Amino acid sequence: MLTPVKDILKMASDANTSVIAFNALDYNMVYAVTQAAEKVKKPLICMLYPEHHTLNNWANPESFAATVKSLASEVSVPVGLHLDHCTDFNYIMRAIKAGFSCVMYDGSMLSLEENIANTRKVADTAHAFDVAVEAELGHVGFAATVSDQTNLDLYTQPDIAAKFIEESTCDALAVAIGSAHGVYKETPHLDIKRLSEINAATDTPLVLHGGSGIPNDQLDEAFVNGINKFNVGTEFFQLYYDTIKDYGRINGDSGNIFDFPNYCQPILIDYLVKKLELSKF
Ligand code: 13P
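These lines cover the structure that appears in this document, whether it is placed above or below. This is a predicted model, so every value here is computed, not measured. (Residues numbered from 1 in each chain as written. Predicted model: local features only at pLDDT ≥ 70, side-chain atom pairs only at ≥ 80, totals over all residues. Heavy atoms only, no water.)

Some remarks on the site of the ligand
Put simply, the rule reads: For each residue, the test is whether any non-hydrogen atom lies within 4 Å of the molecule or strand; if one does, the residue is near. Think of a polar contact as two N or O atoms within 3.5 Å of one another; within protein, one of them needs to be a possible hydrogen donor and the other a possible acceptor, and neighboring residues in sequence only count if both atoms come from side chains. Using the Shrake-Rupley algorithm and a 1.4 Å probe, accessible areas are obtained, with residue cover drawn only from the displayed protein chains. In this text, helices come from DSSP runs of H or I with a minimum length of four residues, and strands from runs of E with a minimum of two, each type numbered from the N-terminal end.
If you check the shell around the ligand, you find 14 residues, and the closest are Asp84, Gly182, Gly210, Ser212 and Thr234. A distance of 2.9 Å is found between an oxygen atom of the ligand and a side-chain nitrogen or oxygen belonging to His209. A distance of 2.8 Å separates an oxygen atom of the ligand from a polar backbone atom of Gly210. When isolated, the ligand has an accessible area of 310 Å², and the protein chains bury 95% of it. For the shell around the ligand, the secondary-structure elements that each account for two or more residues are strand S3 (79–86) and strand S8 (227–232).

Some thoughts on the sheet that holds strand S4 (residues 102–105)
The criterion, for reference: Two strands qualify as a pair provided DSSP detects at least 2 bridges between them. Convention adopted: a line fitted to C-alpha atoms gives each axis, helices being fitted over their contacting stretch, and angles between N-to-C directions are expressed from 0 to 180 degrees. Residues are treated as being in contact if the distance between any of their heavy atoms lies within 4.5 Å.
Taken together, the eight strands give a closed barrel; going around it, the order is S1-S2-S3-S4-S5-S6-S7-S8, and neighbouring strands pair in parallel fashion. Sheet twist, expressed as the mean angle between neighbouring strand axes with direction ignored, is 30 degrees. Contacts from helix H8 (residues 158–168) reach strand S5 (132–137) and strand S6 (172–175), with the element oriented near 150 degrees to S5.

Let's talk about the packing of helix H5 (residues 89–98) against helix H6 (residues 112–128)
Put simply, the test is: Note on terminology: angles under 35 degrees are roughly parallel, angles over 145 are roughly antiparallel, angles of 65 to 115 are roughly perpendicular, and the others are oblique. Take the far helix as your reference; a near helix turned counterclockwise from it by less than a right angle gives a left-handed crossing, and one turned clockwise gives a right-handed crossing. Residues are sorted three ways: Asp, Glu, Lys and Arg are charged, Ala, Val, Leu, Ile, Met, Phe, Trp, Tyr, Cys and Pro are nonpolar, and all the rest, Gly among them, are polar.
In contact at an axis separation of 11 Å, H5 and H6 are set at 20 degrees when each is read in the N-to-C sense. Taken together, H5 and H6 sit at an angle that is classed as roughly parallel. Crossing geometry of H5 relative to H6 is assigned as right-handed. Touching Phe89, Ile92, Met93 and Ile96 of H5 are Lys121, Val122, Thr125 and Ala126, all from H6. In the contact of H5 with H6, the residues fall into six nonpolar, one polar and one charged.

Here is the structure:
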C-alpha cells in the first residue's frame, strides 16, 4: 500500500523504532522489497539514488515510481517512495512530479548558511505539494576513506541541529554520528551519546545513512535513541550482484535469462526479511 513517507516516519517515531529504507535499482529489487515487507507485516521505504539513473542508466524517477506504486499496491503494508541524496533542484522537482512523497536535498558539503537556504528553498516548493524533505547536517562520507567515519569535524553538532531544522523547515534530518556509505574498512562505532543529545534537542525524525555493515547491537541502540529511518544500499546491491554471478556459475550455458527472477527474488527476500527484524514495529 503506497503510503506517504511522512506517515511512515510518524509510525516509526510512535513505535520508538526505525523504518528501514532500501535503495533499489529495478523490478527484481523493488519486488523483493515489497514482498519482504508483506511477509513480516512491517512498513518500509524504497529509495531511488539519482546517480544510479544519471550515471549508470538504471531506472529514471518516472519508471522507478511507477514500479514502486504498482508493486506497493499488491501488498497490505505501508510502502514509501523516497528520493535519496540529491543536490539538483530540477531533478527533485521531477521526482515530486513523478509521485515521490519524500525527497532528500543533500547540502551537507555546503556551508551551514547555504545548506539552510537551499534546503528551505526545496522545502518551500515540496511542502506546497505535500511532499516531505530530508536534509543532512554534518556530513556522512564514504567508508572507503576511514577518516570520513572518524573525523569529528564532520559529525552533526547537537547545538545547531534545532536551529537547522527550524530555519530549513526540513521534515527529517540525516545525522553524521560515525557511519559512512559503502563497505567499511573498520567497524564503525556510532556516537550514541551525540545521537541522544541531538534527539533531545529536536523532535524531528532522525536518519542514519551508511547502514550496510553496522553491527546490530549498535543499531538497536540507535533506533531507541532517535533514529526513525535507516538507509541500506551496499549490502543489498552486493547480494543482487552475487545472485547474478551464482546463477551464471550454477547454470552455465544451459541457463537462461527468463528463469533468473525466480532464482534471485527469494534470495533477496530472505535477506530483507532478516534485516527487517531490526525494525521493531
Ligand atoms: P550503504 O550503501 O552504505 O548501505 O548506505 C546507504 C545509504 O545511506 C543511502 O543513502
